[in-house]
Amino acid sequence: MTRSTLTRDEVLDAAASLVKQHGPAALTMRKLAAELGTAVTSIYWHVGNREQLLDALVERTVQEMGAIRPAGKGPAERILSVARILRRELRARPHLIAMVHERGLTERMFLPAQQALVHEVHVAGLRGARAADMVRAIQFQIVGFLLVERNRERSPAQSPAESDLWDPATAPHDPALARALARPADPERLFLLSVRSLVAALPAPPPAAPGAGR
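The rules behind the values
- Residues numbered from 1 in each chain as written.
- Predicted model: local features only at pLDDT ≥ 70, side-chain atom pairs only at ≥ 80, totals over all residues.
- Heavy atoms only, no water.
- Axes fitted to C-alpha atoms, helices over the stretch in contact; angles between N-to-C directions.
- Helix = DSSP H or I, 4+ residues; strand = E, 2+ residues; numbered from the N terminus.
- Parallel < 35°, antiparallel > 145°, perpendicular 65-115°, else oblique.
- Contact = heavy atoms within 4.5 Å.
- Nonpolar A, V, L, I, M, F, W, Y, C, P; charged D, E, K, R; others polar.
- Salt bridge = Lys/Arg side-chain N within 4 Å of Asp/Glu carboxyl O.

**Q** What is the right way to look at the packing of helix α1 (residues 8–22) against helix α6 (residues 94–102) in this model?
**A** Working note: a packed helix pair is described by the angle between its axes plus the distance between those axes. Remark: α1 packs on α6, axes separated minimally by 7 Å, with the N-to-C direction vectors making an angle of 100 degrees. Judged on the interaxial angle alone, α6 and α1 are roughly perpendicular. Listed contacts from α6 to A16, V19, K20 and H22 of α1 are H95, L96 and M99. Here the residues of the contact of α1 with α6 sort into 4 nonpolar, 2 polar and 1 charged.

Right, here's the structure in full:
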């Protein structure tokens, strides 16, 4: 049965879902119409042709990535929150992010997150080139970590595996290290550790003025 009503947002939601699950190659107007229970002509009426639909998905992805808002009590906590949200959102939509990149809109997509980081490093007391370096270091760490993480997830099974290569005999001077390296990596913990290490370089907050908070 064909649907009698349909909105543009519903079309974009369904299209984004198909791309997230199967990649942009799986997105055809006929398949999208079947998912929505409507006619192909209705899809064209709401979003235009397939290229216009892809452009609309890219634009919406850019807008969604711009909705990141920091949370926490101080600059260090808020920077960490931006990093965690950005990693999570990038991981959630790899195919859509790739489409953004292919259309040359990556820098625009990252601008709101950069601006949030700039605000926090300013609050922490950094200015000028030092502030810019901190913002870029954090951004590069997030994106670089994500690329390594995805590469590990997609790589073929390793033989020998890391767990086979590390045992107490491999590092007799530090058997605890060998045991730790033999265990599976915890990406979330390592990610937080790496960003916290960068944030540790922020200046200490200035002391509160006498009588402040009274």
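Right, picking up where we left off after that structure.
**Q** Would you take a moment to explain the pattern of salt bridges for this structure?
**A** Between side chains of opposite charge, a pair can form as their charged atoms come close. The full count for this structure, using the stated rule, is 15 salt bridges. When the shortest N-O distance is used, the salt bridge between E89 and R88 registers 3.2 Å. For E162, the salt bridge identified is with R152, shortest N-O distance 4.0 Å. One end of the pair, E162, is in helix α9 (residues 162–165); the other, R152, is in helix α8 (residues 128–154), with 10 residues separating them in the sequence. Here the salt bridges do not stand alone but share partners, grouping D13, R60, E64, R88, E89 and R93 into one network.

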